[in-house]
Amino acid sequence: MIKKKALVTGITGQDGSYLVELLLSKNYEVVGLKRRTSTNTECRIDHIDSSDFHIEEYEISDSGSVYSVVEKHKPDEVYNLAAQSHVQTSFDQPDYTFQVNTIGVVNFLEAIRRFSPQTKFYQASTSEMFGKNVDTPVNFGVTTDETDHESYQDENTAFEPQSPYAAAKLASHHLVRMYRDGYKVFGCCGILFNHESERRGENFVTRKITKWLARYSTWLSKHHVLIEGSGLVSDNDDIWVASDQELRFPKLRLGNIDAYRDWGHAKDYVNAMWLMLQQEMPDDYVVATGETYSVRDFLQIAFEHIGVEDYESFIAIDPKFYRPAEVEYLRGIPAKAEQALGWSREIGFKDLVHQMLESDIANEKKEEAKEVWVAT
Ligand code: NAP
Ligand code: G4F
């Protein structure tokens, strides 16, 4: 049987690594594209050992490079996951963010139009495009319980981007629609809400929290006797053992912890990407859980998991992590994806938090075992 060939950008990232695993399990030949870097960036895909998986270098902002790779492979499917994906960074690097997140997409759309018009294209759009806009159910306000979180975003919600990242992604979103209508390119955009995992980048808020907690709990167990004997105290920046000023641990420094996000697991979300390209007609879909939690909720569940009730004593609010413009509230309604694609998610919010935390704790223990081994 002839295998389908998929070209995946962003393979060294969180979603790329899960998508490659999914495609290989479905018997695809996968060409993973990565930019040239001076150090190895393949830690998320190192474990993949398959003769159907090849890695090639390219440069997404260089049209010639993108045209060559599309013309050479003429793939059945392209999944464009590469991006400058950090919202806060986009405020400092708006030009670069547009080069990667918009010009990169133009390069792929043009390459498909010119050299491989049968190729199906997936674009990683984002809930950030909604920005500060929400829709509200007609009967909202009848039961005015603020904890209900009835406001939502879906495919009909107007976009109102709040960052260069979101504006660049929105431009690409419209370009895909335009190439679909104007040139009949089979292009789909997945409007994915936040999705995390054990492989999440360490400067996104969820992983920053679980990583800090894993380090902190390892530090605690290392100094267990001391702590039981003398207790912990803290100032603005550090936590330390009362009897020993030297034994300090830096607090977890965060920005706006009152923001709400709709958080799912990346493993569930890459399945939706694949399903979109298996449909007869191209379309755009919201992929989300339908639930929203604040960064505070995430903190509460994560800290409770290691037996700490009052997370507030362990964090410091640092203006450095505030953004010039914030997206305060995201809650996506995935009804269209559920009905048209048969998509559903398997991993709930609490399990997501626990899995991330357990994985980081296991990693810390491994690192510590290595240190002990080297020292003895
Ligand atoms: P990620 O972990 O940050 O991965 C981003 C990938 O893009 C990495 O492979 C990175 O390569 C690559 N990349 C960055 N700059 C590049 C450049 N100049 N040229 C070529 N490649 C470049 O992001 P993710 O969470 O997997 O997200 C995947 C996609 O979905 C992104 O487009 C993101 O914007 C979008 N998205 C994510 C979420 C989410 O919650 N995760 C939600 C909606 C949409 P290096 O390893 O070399 O840096
Ligand atoms: O984890 P975040 O940086 O994710 P954000 O901004 O929601 O973006 C992620 O999800 C988008 C989908 O909606 C993707 F398109 C995008 O590529 C990325 O994957 O921040 C989440 C919230 C924000 O409100 C932020 O202000 O957490 C708040 N926050 C509070 N303290 C922090 C911090 N965010 C980060 N990164 N670091 C902090 O210390």
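You'll find the structure just up there.
Remember, predicted model here, so these are calculated numbers, not experimental data. (Residues numbered from 1 in each chain as written. Chains lettered and ligands numbered in written order. Predicted model: local features only at pLDDT ≥ 70, side-chain atom pairs only at ≥ 80, totals over all residues. Heavy atoms only, no water.)

All right, on to the pairing of strand E10 (residues 244–250) then. When strand E9 (residues 238–241) meets E10, the two strands line up antiparallel, connected through four bridges. Bridge pairing in E10 places Asp 238 opposite Pro 250. (Pairing = 2+ DSSP bridges. Helix = DSSP H or I, 4+ residues; strand = E, 2+ residues; numbered from the N terminus.)

What follows covers the site of ligand 2. Close contacts around ligand 2 come from 24 residues, with Thr 126, Ser 127, Tyr 165, Arg 323 and Glu 326 the closest. Within the backbone of Ser 85, one N or O atom sits 2.7 Å away from an oxygen atom of ligand 2. For ligand 2, an oxygen atom lies 2.7 Å from a polar atom in the side chain of Lys 208. Compared with its free state, where it exposes 710 Å², ligand 2 has 96% of that area covered by protein. Secondary-structure elements contributing two or more residues to the shell around ligand 2 are helix H6 (205–222) and strand E11 (252–254). Residue composition of the shell around ligand 2, grouped by class: nine nonpolar, eight polar and seven charged. (Near = heavy atom within 4 Å. Polar contact = N/O pair within 3.5 Å; in protein donor to acceptor, adjacent residues only side chain to side chain. Areas by Shrake-Rupley, 256 points an atom, 1.4 Å probe, with all protein chains shown as cover. Nonpolar A, V, L, I, M, F, W, Y, C, P; charged D, E, K, R; others polar.)

As a further point, take helix H9 (residues 295–305). By the burial criterion, the buried members of H9 are Val 295, Phe 298, Leu 299, Ile 301, Ala 302 and Phe 303. Remark: Gly 307 follows H9 within two positions and exhibits a positive phi of approximately 85°. (Buried < 20%, exposed > 50% of the residue type's maximum accessible area, 1.4 Å probe, protein only.)

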